[in-house]
Amino acid sequence: MDVSDLLTETYDRLPDLVRAAVDGLSPEQLRHEPGPGANTIGWLVWHLTRIQDQAVADLLDTGQIWVEGDWAGRFGLTADPDDTGFGHSPAQVAAVRPESAQALIDYYDAVSGRTRSFLAGLAPADLDRVVDEAWDPPVTLGVRLVSVVEDDLQHVGQAAFVRGLLGAD
């Protein structure tokens, strides 16, 4: 298996996990806080998608799907390219109001499609390219891609856990 196939296999697991976490949930269930100030299912899936969207857009040096499409309105938000949910307060988490589970699935599918296309063209040497010099050591493409998928997997797992708390199986 080459590096492109390995990364594609890893990222290709996320769409089914996203669907399993949100499919069939009402907007109210997507906004349910499992505890005071806790992240909602809708916020968790929106956030993991925003992180992937922003990271891959940066890697491609292109615009984010969030900003270029009509996604923000489906979440009760503005199309701010810097708003990925990182550092959100409880009030900001509550402001993420997906209109439906399908809005989350559709946005994730659009981002996932772009990610898959990007991964298909990677060669092993590409992973050593420095993509962010703001860190010590500088971040390579390989490290960035692992970081994004690690974050996504954690958040989709959290969303599935909150779904289980709702008893929505």
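For the structure itself, look to the data block above.
Residues numbered from 1 in each chain as written. Predicted model: local features only at pLDDT ≥ 70, side-chain atom pairs only at ≥ 80, totals over all residues. Heavy atoms only, no water.

Q: A description of the layout of surface pockets should follow, citing residues and the corresponding values.
A: Empty pockets left among the atoms are what a rolling probe the size of a water molecule brings to light. Each pocket or cavity is described by its volume, and for the largest pocket that value is around 470 Å³. Elements supplying a minimum of two residues to the lining of the largest pocket: helix 4 (41–60) and helix 8 (141–166). The element contributing the most residues to the lining of the largest pocket is helix 4, with six residues. When the residues that make up the lining of the largest pocket are grouped by side-chain class, the tally is nine nonpolar, seven polar and four charged. (1 Å grid on protein atoms, 1.4 Å probe; cavity = no way out; pocket = protein on both sides within 12 Å on 5 of 7 lines; lining within 4 Å. Points joined across faces, edges and corners; volume = space filled by probe spheres on them. Helix = DSSP H or I, 4+ residues; strand = E, 2+ residues; numbered from the N terminus. Nonpolar A, V, L, I, M, F, W, Y, C, P; charged D, E, K, R; others polar.)

Q: How would you sum up helix 1 (residues 3–11)? Please name residues and give values.
A: Listing the buried residues of helix 1 in full gives V3, S4, L7, T8 and Y11. Along the axis of helix 1, the buried positions cluster into a sector of 130°, meaning they face one direction only. On the buried face of helix 1, the contacting elements are helix 2 (14–22), helix 4, helix 7 (101–120) and helix 8. (Buried < 20%, exposed > 50% of the residue type's maximum accessible area, 1.4 Å probe, protein only. Arc of directions from axis to C-beta. Contact = heavy atoms within 4.5 Å.)

Q: Any details on the packing of aromatic side chains? Residues and values, ideally.
A: Evaluated as defined, the whole model comprises five aromatic pairs. A centroid spacing of 6.0 Å and a plane angle of 70° characterise the contact between W46 and W66, whose relative ring orientation is edge-to-face. Remark: W66 occurs in helix 5 (residues 65–68) and W46 occurs in helix 4; sequence separation between them is 20 residues. Across the pair, W66 and W46 agree in class, each one buried. Between W71 and Y107, the aromatic rings sit 5.4 Å apart at their centres with planes inclined by 40°, giving tilted as the arrangement. Highlighted residues: W71 in the loop between helix 5 and helix 6 (90–95) and Y107 in helix 7, separated in sequence by 36 residues. Overall, Y107 belongs to the buried group, its relative accessible area being 1%. Counting every residue linked through ring pairs, the aromatic cluster contains W46, W66, W71, F75 and Y107. (Phe/Tyr/Trp six-rings, centres within 6.5 Å; stacked < 30°, edge-to-face > 60°.)

Q: An account of the packing of helix 1 against helix 8 is requested, with residue identities and associated values reported.
A: Pairs of packed helices are described in terms of their axes, by the angle between the two and the distance that separates them. Packing of helix 1 against helix 8 leaves a shortest axis separation of 11 Å and a crossing angle of 20°. In terms of their interaxial angle, helix 1 and helix 8 are classed as roughly parallel. The crossing of helix 1 and helix 8 is left-handed. In this structure, helix 1 contributes L7, T10 and Y11 to the contact, and helix 8 contributes L145, V148 and V149. The class makeup of the residues in the contact of helix 1 with helix 8 is five nonpolar, one polar and no charged. (Axes fitted to C-alpha atoms, helices over the stretch in contact; angles between N-to-C directions. Parallel < 35°, antiparallel > 145°, perpendicular 65-115°, else oblique. Left-handed = near helix turned anticlockwise from the far one by under 90°.)

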